[in-house]
Amino acid sequence: MRKPLFSVPIHLRGVALIMLGGGLLLSPAAEAKDRGVNLSAINAVVNRNLEGKVTDTNGDPIPGVNIRVEGTTLGVISDVNGDFKLSVPDGRVTLVFTSVGYLEQKVVVNPGQTVVNVSLEDDSKLMSEVVVVGYGTQKRSDITGSVASVPKERLSNLPVNNVMQAVQGAVANVSVSQASSIPGDAPSTQIRGRNSINASSEPYVVVDGIPLSRTDGSINDINPNDVASIEILKDPSAVAIYGVNGSNGVILITTKRGTTGKPTVRYNTYGGVEEAAHILEPASPEELLRRYAEYSRITNTSLYNGGPVRNQFEWDNYQNGVTTDWLDAVMQTGVVQNHNVGISGGTENAKYFVSLDYLDQKGIVQGYNYKRYSFRTNTDVKATKYLSIGTSTFIVSHNRDGGRANLLQAAAMSPYARMYNEDGSLTQYPMYSEQLWANPLLNTTTNPIRRQWNISLNGYADVNFGNIWRPLAGLNYKFNAGYSFVPVRNNEYYGKSVYNMSGTGTITNNESQTYTLENIVTYNKDFGKHHFDLTGLYAAKEKYWQQAVATGQVFPNDDLEWGNLESASTQTVSSQADKYRSLSQMGRLNYGFDSRYMFTLTVRRDGSSVFGKNNKYGTFPSAALAWNITNESFMQKYSDVLTNLKLRVSYGISGNEAIGVYQTLALMSSGSLAMDGRPYTTLKVQSRMGNDDLQWEKTKGFNTGLDFGLYRNRISGTIDFYKTNTFDMLLLQRIPQITGYNDVWSNIGKVANTGIELTVTSKNIVKPDFSWSSTVVFSTNKNKIVDVYGDGKDDIGNRWFIGHPVGVIYDYTKVGIWQEDEIEQGLNKGWDDTALPGDLKLADLNKDGKVDDNDRSILGQTAPKWTGGLTNTLTYKNFNLNIFIQTVQGALRNNPQIGGASDEMGRRSTPAALGYWTPENRSNEWRSLGNHSNSHGYGFPEDASYTRLKDITLSYNFGQNALNKIGIGGLQLYVSGRNLYTWTNWLGWDPEARDITRGSANDNLNYPMVRTYVLGANITF
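First things first, this report covers the structure right here in the doc. Computed from a predicted model, the values in this text were never measured in an experiment.

Moving on: the overall build of the protein. A count of helical and extended segments in the protein gives 12 helices and 52 strands. At 34 Å, the protein has a C-alpha radius of gyration in line with the 31 Å of a compact globule built from 1021 residues. Along the longest, intermediate and shortest principal axes, the C-alpha atoms of the protein span 105 × 70 × 65 Å. A fraction of 68% describes how many contacts in the protein between residues 6 or more apart in sequence connect residues 24 or more apart. When the accessible area of the protein is evaluated, it comes to approximately 45,700 Å², of which 54% is carbon and sulfur surface. Charged side chains in the protein number 95 positive and 97 negative. The centres of these two groups are separated by 8 Å.

Among the secondary structure elements, D360 is positioned in strand β22 (residues 350–362). At a separation of 3.2 Å, a polar atom in the side chain of D360 contacts the side chain of Y358. Residues in contact with D360, not counting those within four places in the same chain, are V335, V336, Q337, Y370 and K371.

As a further point, take the sheet that holds strand β38 (residues 730–734). Ordered in space as β35-β39-β38, the three strands form an open sheet in which the pairing is mixed. Each end of this open sheet is capped by a strand with a single partner; those strands are β35 (688–689) and β38. Of the strand pairs in this sheet, β38 and strand β39 (residues 743–747) are connected by five bridges, and their pairing is antiparallel. Bridging from a neighbouring strand, L731 pairs with S746 of β39.

This part is about helix α6 (residues 285–299). Taking 1.5 Å as the rise per residue, α6 with 15 residues should run 21 Å; its terminal C-alpha atoms sit 21 Å apart, in good agreement. Where α6 ends, the next residue or the one after it, N300, has phi of about 55°, a positive value.

Bringing the nonpolar core into the picture now. With 53 residues, the main nonpolar core has L327, V330, M331, I364, V365 and Y1007 as its most contacted residues. Secondary-structure elements contributing two or more residues to this core are α6, α8 (326–330), α9 (407–412) and β44 (840–842). Residues in contact with I364, not counting those within four places in the same chain, are E274, E275, A276, V330, M331, Q332, G334, Y1007, P1008 and V1010.

On to a nonpolar patch on the surface, then. Side chains of Y597, L625, W627, F634, L647, V649, Y651, F702, I719, F721 and I756 sit close together on the surface and give an oily, nonpolar patch of about 930 Å² of accessible area. Secondary structure elements with two or more residues in the nonpolar patch: β31 (617–628), β32 (642–656) and β37 (715–727). In terms of residue count, β32 provides more of the nonpolar patch than any other element does, three residues in total. Take L647: it is sitting in strand β32.

For the structure shown, the criterion picks out 23 aromatic pairs. With 6.1 Å between their ring centres and 70° between their planes, F527 and F532 make a pair best called edge-to-face. Here F527 falls in the partly exposed class, since its relative accessible area comes to 47%. Residue F532 is classed as partly exposed on the basis of its relative accessible area of 30%. Between Y956 and F958 the ring centres are 4.9 Å apart and the planes differ by 90°, which places this aromatic pair in the edge-to-face class. Ring pairs connect the aromatic residues Y304, W315, Y318 and Y416, which therefore count as one cluster. Its guanidinium or amino end placed over the ring of Y617, R605 lies 4.0 Å from that ring's centre, counting from NZ or CZ. Here the basic side chain of K841 rests over the ring of W818, its NZ or CZ set 4.8 Å away from the ring centre.

All right, on to the environment of A172 then. Within the secondary structure layout, A172 lies in the loop between α4 (163–167) and β14 (174–177). A172 sits in the buried class, given a relative accessible area of 4%. Separated by 732 residues in sequence, A172 and E904 place their C-alpha atoms 42 Å apart. With near-sequence residues (within four places) excluded, A172 lies in contact with K234, E757, L758, T759, V777, F778 and S779.

To continue, consider the sheet that holds strand β9 (residues 105–109). Strands pair in a sheet through their backbones, by hydrogen bonds, and they do so in one of two ways: parallel or antiparallel. With respect to topology, four strands assemble into an open sheet ordered β6-β5-β8-β9, the strand pairing being antiparallel. Of all strands in the sheet, those with a lone pairing partner are β6 (75–77) and β9, marking the two edges. In this sheet, adjacent strand axes meet at a mean angle of 20° when their direction is disregarded. The pairing of strand β8 (residues 93–98) with β9 spans five bridges and is antiparallel. The residue of β9 that forms the bridge with V93 is V109.

The subject of this paragraph is the side chain of R893. Note that R893 resides in strand β48 (residues 892–894). Beyond its immediate stretch of four places on either side in the chain, R893 contacts I809, F940, P941, E942, A944, W986, D990, P991, E992, A993, R994 and D995.

The next thing to look at is the pairing of strand β4 (residues 47–56). Of the pairings in the sheet, the one linking β4 to strand β7 (residues 83–89) comprises seven bridges and is antiparallel in character. Looking at the pairing, N47 lines up with P89 of β7. Direction of pairing for β4 relative to strand β10 (residues 115–120): parallel, over a ladder of six bridges. Following the sheet pairing, G52 is matched in β10 by V116.

The next point concerns the environment of V760. Tracing the backbone shows V760 in strand β40 (residues 750–766). The exposure class assigned to V760 is partly exposed, which follows from its relative accessible area of 22%. Excluding residues within four positions of it along the chain, V760 makes contact with F708, I715, S716, G717, S774, T775 and V776.

A word on unusual backbone geometry. Cis geometry marks the peptide bond from G307 to P308; its omega dihedral reads 10°. Note that P308 resides in the loop between α6 and α7 (312–320). Omega for the bond connecting Y432 with S433 falls within 30 degrees of zero, at 20°, which places this linkage in the cis form. Of note in the backbone geometry, N300 takes a positive phi value of approximately 55° without being a glycine.

A word on the pairing of strand β23 (residues 369–382). With 13 bridges connecting them, β22 and β23 associate as antiparallel partners. Residue pairing in the sheet places S355 in a bridge with R376 of β23. The turn joining β22 and β23, which pair antiparallel and follow one another in sequence, is formed by six residues; a positive phi near 90° is taken by G367. With 12 bridges joining them, β23 and strand β24 (residues 387–399) adopt antiparallel strand pairing. Each residue of the ladder has a partner; that of D380, found in β24, is G390. Where β23 folds back on β24, the antiparallel hairpin that results is connected by four residues.

All right, on to the environment of S779 then. Topologically, S779 is positioned in strand β41 (residues 770–787). Among the residues examined, S779 registers a relative accessible area of 3% and is labelled buried. Through-space distance from the C-alpha of S779 to that of F721 is 9.8 Å; in sequence the pair is 58 residues apart. Apart from the residues within four sequence positions on either side, S779 is in contact with A172, N173, I756, E757, K865, W866 and T867. A distance of 3.1 Å separates a polar side-chain atom of S779 from the backbone nitrogen of N173.

What counts and what doesn't
- Residues numbered from 1 in each chain as written.
- Predicted model: local features only at pLDDT ≥ 70, side-chain atom pairs only at ≥ 80, totals over all residues.
- Heavy atoms only, no water.
- Helix = DSSP H or I, 4+ residues; strand = E, 2+ residues; numbered from the N terminus.
- Rg over C-alpha atoms; globule rule 2.2 N^0.38 Å.
- Contact = heavy atoms within 4.5 Å.
- Areas by Shrake-Rupley, 256 points an atom, 1.4 Å probe, with all protein chains shown as cover.
- Lys, Arg positive; Asp, Glu negative; His and termini not counted.
- Charge placed at Lys NZ, Arg CZ, Asp CG, Glu CD.
- Polar contact = N/O pair within 3.5 Å; in protein donor to acceptor, adjacent residues only side chain to side chain.
- Pairing = 2+ DSSP bridges.
- Expected span 1.5 Å × (residues − 1).
- Core = buried A, V, L, I, M, F, W, Y, C linked by side-chain atoms within 4.5 Å.
- Buried < 20%, exposed > 50% of the residue type's maximum accessible area, 1.4 Å probe, protein only.
- Patch = residues over 30% accessible without salt bridge, like charges linked within 9 Å, V, L, I, M, F, W, Y side chains within 5 Å.
- Salt bridge = Lys/Arg side-chain N within 4 Å of Asp/Glu carboxyl O.
- Phe/Tyr/Trp six-rings, centres within 6.5 Å; stacked < 30°, edge-to-face > 60°.
- Lys NZ or Arg CZ within 6 Å of the ring centre and 35° of its normal.
- Axes fitted to C-alpha atoms, helices over the stretch in contact; angles between N-to-C directions.

By themselves, these are just geometric observations and shouldn't be taken as functional.
Right under this line is the structure:
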């Protein structure tokens, strides 16, 4: 239809009077809109008065309800009788009703309507929210176990690269540690402490019903934009349903699904910069020269050419006044960007969700780059009235290519060190003739390939028997099938650019294929006030893994790198493979009476190929009770004060496989032997003895919890107390070598955990244009070893002490520094006979007159004693501000920045904050630079507690009326900062970040904690 050249609409009760040139046209408003007429202008000036009443579900009036016109600033508050009057535009509008303690409600007011009466549901109705639990869903009010949900606003409003970053600090007793900020590295997670000594304490992760754990997949494979909800199962009743996989807790991730209606397109994007959250500043050039001089004096060694520098390559730069900031040379401003497009829609019979995501991150240390490409498609099709089928498929690619700079080497470099040779190439040893420290930029000249993929094809079929034959109503059968293919490829070549003059190339290919099949039968039935929910499971899983490694050495040139390994003079090939299988059966009964009393009974039986032939199967039962106290008749008179009160108690057993395949077998290794001038293949027994009786680690657990809501849920939360005991632990036990073996896996040892969890949410202020809510989480966990080898004795070598946590600092007690006058007076004699001035003074704890191994004691634990988080959310009109603070307290760590220096203190640049003793500076804290100053190997433990301003996000949601003019369904702009400030006494890069000392494995992977600033937009079309 041709649009009019000029029109002025007059809107009269759904009729538009339009002026077309010199004539008038009377038209329905809908047709006027089709003609391109903007009716919002006339709506702004032609108003009508609305009036109404707001009541609760009992018909009682609710005062103080905020009533506003959606997309505008128009609003009013209901009076003491629940009545309100409001002038609104004379057209179709939407009123939004909000009040503390009640669910938000939106009411569409049609043209001409003048009376609106609304009944608000109590916020306690949120207890009817459906929550994902193992192999199904339940109403929150019916849950008997400890199931925590991650706040949805953290999932939707926080720009993170990994979903667990949104969980960090937000859920009680779920410890998420970002020990590595390397782009693409996933954080580690622990739920309710450490349940084992040797085994991993990582929780079991399930995505859309299919396990992600133990498939070689990573939590980093899940695009945060695709996540709809995260539930965390913590107590015995909740986790026992996963049997052998449940002892460390279970994380259930549900991704977004399609919805009925026209296609909705969402584009989410953010971009920003990263920097080191804290720079551990090295000593200045002047300070380094003073250290060199002191090191020379105390060790009686000469400096180069008489000083003041130590080495040949430093001399020229010192003479010419040339210095290099080596940290600046290897570090850069990081850049991160993310683009995500999601499309969802469908009909009643077919729904779809499709997502494409691209993440690009350039790290703050040169060469640490990461790209992630992911594609997901979730479909749900109602094929017939009784059969539904669907898929949950994703493909993700990780790219970590590139040679990387070495931060540890850079931090050690003298500012006078030589970076380049005369020909422009990088020096091998910038502080030559010192060859302890190599050029930190050398590996940036290489081009390794680091690629990984995860191709997961998952589907389901669901049969509703009640739609086949009415008497079978409530009976369902669901078949889940999952296939995961995870190939990993690493290609490396090191040639002349890194001073490997002959060349070495390696190609490593890994791949795993995992199959999961699950048959699930459920039956739901209500008999009056009785509710029954039965679940049965029969599942099988198989994983096949293989690896092939090809290496070549001594190449004719560096041109082809790994592309022509056969040209190497020396070639080696190796390969290995293994297969894992499991079989599981499970039964669960949920019973509820009148929504007051709930009972859950679960039994799971697992069989695994990793265990001895005499103990392939294990059984894991659990039981739980819950009492909805507020649903009792005698509590109704307190309903205004006590909105929700539910008591929960559970007990159960879960398991842990803890070991890899073939560990219970007596294995043999192949080799070759020359006899009579001919090579023969030989077999020899490996050093580990087989154990046919080996079985599962088991964890018995007790949990009691209380869910509460006060003053119509203005204050709400949950508190849990738990105690777990792990027994039959899988420990690698040393045995006498006379047996022909060195060790054997055995079921010995016990570990216990006890803790308290608290989560409280408070709606502090709720006003028409302003609101403020707070959430506090607090948790404490006490971990202790009950027994190690069954003899009640400690294992000092492994630092395992009965009655103490699994991870402890066992060391001497530092009492100061030996001073010159003390040595002259002979105060060290008998105590520490060889001590020199400036050496560490350690306590003689057992008072035997000398310092030896018997003077060590337990100084603290490596795990925090308690953790907490505080989230404040403030809204003003369309603005939203979210502030999150995290704290970790009571952790003790050895500080490698101090202890790892040793005699290197005089041979490298060290942190400026690291002092040292001299005869003039008679420090009682810092030791001397002498090689002898820490002869007993003290580890320098320090308090690793910290409080961190974890993230701040400020967002603005544009009003719908403005967006309708430009055809956008929703628009949110936001700015966000992460790891903004840390309060700590830790001397180092960060108390959370790992700090690997020189010579240790992966000492090239030191990387600082990063601070991130991003600007983002979420757009809906």
